[in-house]
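Observations on chain architecture
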Amino acid sequence: MQKDNEKRNTRLLEVFGIFLALLWLSPFYLMVVNAFKTKRGIFEGVLGFPSEFTFENFVNAFVELEFLKSLFNSVLITGLSILIIILFSSMAGYALARNKSKLSGVIFFIFVAAMLIPFQSVMIPLVALFGQADMLNAGGLIFMYLGFGCSLSIFLYHGAMTGISQSLDEAAIIDGANRFQTFWYIIFPLLKPISVTVAILNTIWIWNDYLLPSLVLSEANATIPLKMFYFFGQYTKQWHLALAGLTIAIIPVIIGYFFAQKQIIDGVSEGAVK
C-alpha cells in the first residue's frame, strides 16, 4: 500500500513538473513561432504554426538591430567588466582575509554594507558626477560595473579565503616568493570555483542590464538590451519584426550556455560548497 502511494505521488510530481516545464517554455514558443509569421499571420492566429515560414523578418531585424555592432559592444563591456571585477575583487578579498587588523574588518564591513544600497538611490548623483568627469562612455560604464559588482564578489572571495590555509602563504614566502607572487601562483588557482561563480553572477546582470547603459551610452554604442529597447520602440506595431529581433538577441546567450554549461554547473556547485 505504501509503495502504491509512493508511485502515485511520484507520478503526480512528474505530471506537475511537465506542466511547469511547458508553462515556462510557452513564452519562448510564442516568440519563435510568431517570429516566422507575417504581420497578417500573427493577427490571424498567435498560437498556431505559421502557414508559410518566412525568414525575411530575421534579415530585416538583423539589419535594423545592427546586431553585430550591438553584440560586439555587449561582449566587450561584459568581458572587460568581468575581468576587472575578478582581478580587483580577488586581490581585495585576499588582502582583507589575510590581514586581521580592525581596519581590515571595518573595510570589509563597508563592502558588505554596500550590497544593501539600491542603485536607484545613487543613480542621479552618479551619472552627474561621471558627466562632469566626461566619463559617460563605455569606459565609465565598466568602472561603474566594477563599483556595483565588487561588493558581492569580495564577500565571496573573502569567504573562500577562510578555507585556504595560511600555511601555504608562509611556505611560499619561505621559498622566496613575495606577496604578489604568492597570491597569483599559489592562492588564485585555488579560487577557480569562486572565480567561475563570480563570473556567472556578474555576467547575468551585466549582460542583461538596461538601466545603466541607458543612462551612460548613446544609441550608436548601445548594447543588445538597450538596442532592443530602441528596436521595440520603433517596431512596436510590427510584432513579426520585433519578435524576430528578440529571437536573434537571445541566440548568443543560448550558444554561450551550450558551450559553457559544464563550467557553469561545476562553478556554481563548487562555489556553493565553499
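Overview of the structure. Residue numbers restart at each chain and count upward from 1, following the sequence in its written direction. For this predicted model, a pLDDT threshold of at least 70 governs which residues receive local features, and a threshold of 80 or more governs which side-chain atom pairs are given and counted, while totals over whole chains, interfaces and linings are taken from all residues. Based on all heavy atoms of the structure, the side-chain values leave hydrogens and waters out of the count.

1. With respect to the overall build of the protein
Only runs of H or I of at least four residues qualify as helices and only runs of E of at least two qualify as strands under DSSP, and these elements are numbered from the N terminus. If you tally the helices and strands in the protein, you get 13 helices and zero strands. Taken from the N to the C terminus, the helices and strands of the protein come in the order α-α-α-α-α-α-α-α-α-α-α-α-α. Computation of the radius of gyration draws on C-alpha atoms, with the globule rule given as 2.2 Å multiplied by the number of residues to the power 0.38. In terms of overall dimensions, the protein is more spread out than a globule: its C-alpha atoms have a radius of gyration of 24 Å, far above the 19 Å expected for 274 residues. Overall size of the protein, expressed as C-alpha extent along the three principal axes, is 75 × 75 × 35 Å.

2. Some thoughts on empty space enclosed by the protein
Any residue with an atom within 4 Å of a point lines the site, the site being either a cavity, points on a 1 Å grid over the protein atoms alone where a 1.4 Å probe fits but cannot get out, or a pocket, an open set with protein on both sides within 12 Å along at least 5 of 7 lines. Grid points are joined across faces, edges and corners, and a volume is the space filled by probe spheres set on the points. Applying the stated rule across the entire model yields one cavity of 30 Å³ or more. For the largest cavity, the calculated volume is near 40 Å³. Every residue along the wall of the largest cavity is listed here: Ser-74, Ile-77, Thr-78, Tyr-145, Ile-206, Trp-207, Asp-209, Pro-213 and Thr-223. Elements with a contribution of two residues or more to the lining of the largest cavity: α4 (67-98) and α10 (192-208). When residues in the lining of the largest cavity are grouped by element, the largest group, three residues, is from α4. Side-chain classes follow a simple rule in which Ala, Val, Leu, Ile, Met, Phe, Trp, Tyr, Cys and Pro form the nonpolar group, Asp, Glu, Lys and Arg form the charged group, and the remainder, Gly included, forms the polar group. Looking at the lining of the largest cavity residue by residue, the class counts come to five nonpolar, three polar and one charged.

3. As for the environment of Ser-214
Here Ser-214 shows up in helix α11 (residues 211-216). Each residue gets one of three labels from its accessible area relative to the maximum for its type: buried under 20%, exposed over 50%, partly exposed in between, using a 1.4 Å probe on protein chains only. Take Ser-214: its relative accessible area is 25%, and that puts it in the partly exposed class. Here the alpha-carbon distance between Ser-214 and Pro-225, two residues 11 residues apart in the chain, equals 9.3 Å.

4. Thoughts on the environment of Thr-182
Tracing the sequence through the fold places Thr-182 in helix α9 (residues 179-187). Linking Thr-182 and Ala-171, residues 11 residues apart in sequence, is a C-alpha distance of 9.3 Å. The contact criterion used throughout is that any non-hydrogen atoms of two residues lie within 4.5 Å. For Thr-182, the residues in contact, after removing those within four places along its chain, are Tyr-94, Asp-169, Ala-172, Ile-173, Ala-177 and Ile-187.

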